[in-house]
Amino acid sequence: MTPSNWYNIVPDLPVPPPPPLHPGTRQPVGPDDLAPLFPMELIGQEVSTERYVAIPREVLDVYRLWRPTPLLRARRLEKALGTPARIYYKYEGVSPAGSHKPNTAVPQAYYNAREGVRLLTTETGAGQWGSALAFACAQFDLECRIWMVRASYDQKPYRRSLMQVYGATVHASPSTVTGAGSKILADDPDSPGSLGIAISEAVEVAGANPDARYALGSVLNHVLMHQTVIGEEALAQLEEMPDLIIGCTGGGSNFAGLTFPFLREKLAGNLDVTLRAVEPEACPSFTRGVYAYDFGDTAGFTPLLKMHTLGHGFVPDPIHAGGLRYHGMSPLLSHMYELGLFEAVTKSQTECFEAGVRFARTEGIVPAPEPTHALAETIAEALRCRESGEEKVILTALCGHGHFDLAAYDRYLSGRMRDYALPQERIDEALHDLPG
Ligand SMILES: *Cc1c(COP(=O)(O)O)cnc(C)c1O
């Protein structure tokens, strides 16, 4: 059964998270500062301290297309690894867009439409979020304009086609239709783009149009809360409780969505479970970033968010897990990481694709490049259990399929995929222009 509420973890935390700040005044931002960008209902959810928020009937009607999602045991993978560990995965690739992103795209489109908004703007990296929002806008008769990171726009033409099928307009970012994009192109006509740049473009257009608002697919508290349907379902579906939950983190929403309901039970003393986030070696915000106030975008249009960041000017190397190439991290998860509520590790790109291929050949599902990070760590843990004989129960987030990522699999299979070492100087350089 799909749950009837989203779960907000904020009231259950021992210390509340630090607020976003206005970049000019350095005071906490208020609803009026955010109103040009978000509908009031979502602003309310962003700062809510209510433990549960009821999911509207109109949203549940759309969720029913693919929810509840399957919770499966990876028996053939376990056998191939010769591990005594028991591996479960929650599969979000059954949604119309092929990932967990529609879990928040649908309510965001719904609340905007209900408040009279006509146009939603957004950015997309790999195209997962763009296709989810395009799908959701089509459900509620909203116009949708998407800035897609140039590198992905060129590498993944079929994600763009999918957004266009749903009726969205797609611009390669940086684009000449915004001031922020034009400025970047003037300095660097061949810029491959980044999520930070694309966010600047989408925010600029939404801010200038009273009928338009902006939608973000990760990072913010309300997004993480919408994703908790994943963990609530998993709690009800599992026959045994996990010892360890593993998920990949770009902005943190699929990891939070799966883990927060389990963490609620842990904080209440009902469950003993370890949570582990996995990020790419090429974009390691938890493990090598600093915890500081920074902008969410490259041009500096957003409020200042206290988060683990590599610096808003950081442009990650073009790894294929486009959804994990973001300089920052969810402020809520960043705060929780500082509180010691979960662990984080990194994985290299080739180790991840090796895990993805292994998973496809045993379990039959081709994972998106992002969750191969979680699978690589799951496999590493299962092999550690083979050494120790431990019968650990592992739950992992299989947050999307890789049907649009076969060019990346091609590169891996033909031996043309490379790993990117990230020298400390590049991080130091990007951290130079953190807002003081
Ligand atoms: C967007 C995306 C991610 C990264 O975003 P999170 O907010 O960290 O979940 C990971 N996996 C898939 C399949 C995505 O589409």
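As annotated in an unreviewed UniProt entry, the chain carries the name Tryptophan synthase beta chain and is attributed to Nonomuraea guangzhouensis.

Draft legend 1. Structural view of empty space enclosed by the protein. All chains considered together, the criterion is met by three cavities of 30 Å³ or more. In this structure, the largest cavity spans a volume of roughly 70 Å³. Residue lining of the largest cavity: 13 residues in total, with Pro280, Ile319, Lys347, Ser348 and Gln349 positioned closest to the centre. When the residues that make up the lining of the largest cavity are grouped by side-chain class, the tally is six nonpolar, four polar and three charged. If you add up the space inside the second largest cavity, you get close to 40 Å³. Classifying every residue of the lining of the second largest cavity gives four nonpolar, five polar and one charged. For the lining of the second largest cavity, the two domains that each supply at least three residues are domain 1 (10-57 + 101-221) and domain 2 (68-98 + 228-424).

Draft legend 2. Quick peek at the UniProt feature "modified residue: N6-(pyridoxal phosphate)lysine" (unreviewed entry) in the chain. Taking the UniProt record as the reference, the feature "modified residue: N6-(pyridoxal phosphate)lysine" (unreviewed entry) is found at Lys101. By secondary structure assignment, the location of Lys101 is in the loop between strand S4 (86-91) and helix H5 (102-114). The class of Lys101 is buried, set by a relative accessible area of 14%. Discounting chain neighbours no more than four positions away, the residues touching Lys101 are Gln128, Trp129, Ala132, Gly217 and Gln227.

Draft legend 3. Quick peek at the domain arrangement of the chain. By domain assignment, the chain separates into domain 1 (10-57 + 101-221) and domain 2 (68-98 + 228-424). Computed over C-alpha atoms, the centres of domain 1 and domain 2 are 22 Å apart. Taken together, the contact pairs 44 residues of domain 1 with 45 residues of domain 2. Buried area between domain 1 and domain 2, summed over both chains or domains, comes out near 3500 Å², and the portion from carbon and sulfur atoms is 67%.

Each value, and the rule that gives it
Residues numbered from 1 in each chain as written. Predicted model: local features only at pLDDT ≥ 70, side-chain atom pairs only at ≥ 80, totals over all residues. Heavy atoms only, no water. 1 Å grid on protein atoms, 1.4 Å probe; cavity = no way out; pocket = protein on both sides within 12 Å on 5 of 7 lines; lining within 4 Å. Points joined across faces, edges and corners; volume = space filled by probe spheres on them. Nonpolar A, V, L, I, M, F, W, Y, C, P; charged D, E, K, R; others polar. Domains from an automatic or database assignment. UniProt positions renumbered as here; feature names shortened; annotations may be inferred. Helix = DSSP H or I, 4+ residues; strand = E, 2+ residues; numbered from the N terminus. Buried < 20%, exposed > 50% of the residue type's maximum accessible area, 1.4 Å probe, protein only. Contact = heavy atoms within 4.5 Å. Buried area = accessible area lost by both parts, 1.4 Å probe.

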